[in-house]
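# Structure assessment
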Amino acid sequence: MRLDPFIYAGLWLALVGYWLWLSPPPPADFLGEVTALAVADTGRVDPIAIAVFNLLGLLPTAFLAILLFDPGRPASPVSPWPFAIGAYFLGGIILLPYLVLRNTRAPLKTTPGGFVRAIGSRVAGWIMFGIALGLVGFGLIAGSPAAYAQQLASSQFIAVMSADLLALTAALHLAAGTDRRRRGLGPAAGWQHVPLFGPLLYLATRPQHTG
C-alpha cells in the first residue's frame, strides 16, 4: 500500500486547518493587496510575497505536465482537468483532494493531445525551471525577510498562500516521483530531491512516454 494518498490528505488537512484556525485575520483591503501582488507593487508588498504569489501560478502548470497524462474516467475515478485548472485559483485546496483520489496504477496516455504534449515537453519544463529560478532569485535579492515576516503575520491571504506554496511544493515532489515510477524510469538522481527545483528539472529532462 502506497503512502502518498495519506500524505496528500495530511497536507490538505494541515493547509485547511491553518487557514481556518491559525492564520491571521484577512487584510483590510483584500482586493488592493491581491492587485499589488499581481502587478508586483513592491511599495506595498514585499518582493518575497510577490515571488510566492507568482510561484503559485507556476506550480499548477507543473502539475498539468504530470496530471494530464492520466487517462481519467473510467480508468480513474475522476478526470484531472477540473482539479488541475482549479489549482490556478484555489491551489492545494482543490488540487490535493484529486491527488488523493487519482488512480496511479492506471497506464499513462501514450498518445496525448497536442496541448498535453506541449505542456509536458522538455522545453516547457526548462521554461518553468527558468521562471522559478528567476522568481526565487528576485525574492532573495530584492526582498526583506523582516518585512515579509511582518506581512505574513498580519495578512491572512499572504499567510495562506505561503502555506499553500509549501504544501504544493511537497505534493509536486511526490507527484514527480510517482510519474517516474509510472514511466518505468530508474531511481531519481540526487538533484531531483531539491525542493521545487528538483521536480521542475525532472520535467525538463523527462523522456517522452511511449507506454
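So, how was this worked out
Residues numbered from 1 in each chain as written. Predicted model: local features only at pLDDT ≥ 70, side-chain atom pairs only at ≥ 80, totals over all residues. Heavy atoms only, no water. Helix = DSSP H or I, 4+ residues; strand = E, 2+ residues; numbered from the N terminus. Buried < 20%, exposed > 50% of the residue type's maximum accessible area, 1.4 Å probe, protein only. Contact = heavy atoms within 4.5 Å. Areas by Shrake-Rupley, 256 points an atom, 1.4 Å probe, with all protein chains shown as cover. Arc of directions from axis to C-beta. Axes fitted to C-alpha atoms, helices over the stretch in contact; angles between N-to-C directions. Left-handed = near helix turned anticlockwise from the far one by under 90°. Phe/Tyr/Trp six-rings, centres within 6.5 Å; stacked < 30°, edge-to-face > 60°. Patch = residues over 30% accessible without salt bridge, like charges linked within 9 Å, V, L, I, M, F, W, Y side chains within 5 Å. Salt bridge = Lys/Arg side-chain N within 4 Å of Asp/Glu carboxyl O. Expected span 1.5 Å × (residues − 1). Polar contact = N/O pair within 3.5 Å; in protein donor to acceptor, adjacent residues only side chain to side chain. pLDDT = per-residue confidence, 0-100.

## Some thoughts on the overall build of the protein
Each helix and strand in the protein was counted, giving 10 helices and 0 strands. When the helices and strands of the protein are listed from N to C terminus, the series reads α-α-α-α-α-α-α-α-α-α. Judged by the C-alpha coordinates and their principal axes, the protein covers about 50 × 30 × 30 Å. Taken across its 211 residues, the protein has 48% of its residues classed as buried. In the protein, 77% of the contacts between residues at least 6 apart in sequence involve partners at least 24 apart. By element, 70% of the accessible surface of the protein is carried by carbon and sulfur atoms, the whole surface being about 10300 Å².

## Remarks on helix α4 (residues 81–90)
For α4, the full list of buried residues reads Phe 83, Ala 84, Gly 86 and Ala 87. Looking down the long axis of α4, one finds its buried residues gathered within 165° of arc, a one-sided arrangement. Residues of α4 that are exposed and point more than 90 degrees away from the buried face comprise Pro 82 and Phe 89. Tucked inside the fold, the buried residues of α4 contact α3 (47–67) and α5 (92–101). Taken from the residues just after α4, Gly 91 is the one with a positive phi, measuring 55°.

## Some thoughts on the packing of helix α9 (residues 156–182) against helix α10 (residues 197–205)
α10 packs onto α9 with a crossing angle of 35° between their chain directions and a minimal axis gap of 9 Å. Along this stretch, α9 crosses α10, giving a crossing that reads as left-handed. Where α9 abuts α10, its residues Leu 172, His 173, Ala 176, Asp 179 and Arg 180 lie against Pro 199, Leu 200 and Tyr 202.

## Details of the packing of aromatic side chains
Scanning the entire structure with this criterion turns up 5 aromatic pairs. On the numbers, 5.3 Å between centres and 25° between planes, the contact of Phe 83 with Tyr 98 is stacked. Of the two residues, Phe 83 sits in helix α4 while Tyr 98 sits in helix α5, which places them 15 residues apart along the sequence. Accessibility expressed as a relative area gives 0% for Tyr 98, which makes it buried. Ring geometry for Trp 126 versus Phe 129: centroids 5.9 Å apart, planes at 85°, classification edge-to-face. Within this pair, Trp 126 and its partner Phe 129 are both found in helix α7 (residues 122–142), separated by 3 residues, close to a single helical turn. A relative accessible area of 16% places Phe 129 in the buried class. Chaining the aromatic ring pairs together yields one cluster made of Trp 126, Phe 129 and Phe 197.

## Some points on a nonpolar patch on the surface
A cluster of nonpolar side chains, namely Trp 81, Ile 85, Tyr 88, Phe 89, Leu 90 and Phe 115, defines an oily patch on the protein surface of about 640 Å² accessible area. With 5 residues, α4 is the single largest residue contributor to the nonpolar patch. Within the element layout of this structure, Leu 90 appears in helix α4.

## Structural notes on the pattern of salt bridges
Here the structure, examined in full by the defined rule, presents 5 salt bridges. A salt bridge links Asp 70 to Arg 182, with the nearest nitrogen and oxygen atoms 2.7 Å apart. You can see Asp 70 sitting in the loop between α3 and α4 and its partner Arg 182 sitting in helix α9, a full 112 residues away along the chain. Looking at Asp 70, the relative accessible area reads 1%, which means it is buried. Within the structure, one salt-bridge network assembled from shared partners comprises Asp 70, Arg 102 and Arg 182.

## A few points about α3
Over its 21 residues, α3 extends 30 Å from the first C-alpha to the last, a length consistent with the 30 Å expected when each residue adds 1.5 Å. Among the 21 residues that make up α3, 18 are buried, leaving the element largely enclosed by the rest of the structure. For α3, the N-terminal cap is Asp 46; the gap from its side-chain oxygen to the backbone nitrogen of Ile 48 is 2.9 Å.

## Details of the confidence of the model for the protein
Considering every residue of the protein, the mean pLDDT works out to 92; 96% of them sit at 70 or more. Averaged pLDDT values for the elements of the protein fall to 92 in helix α6 (residues 114–119) and rise to 98 in α7.

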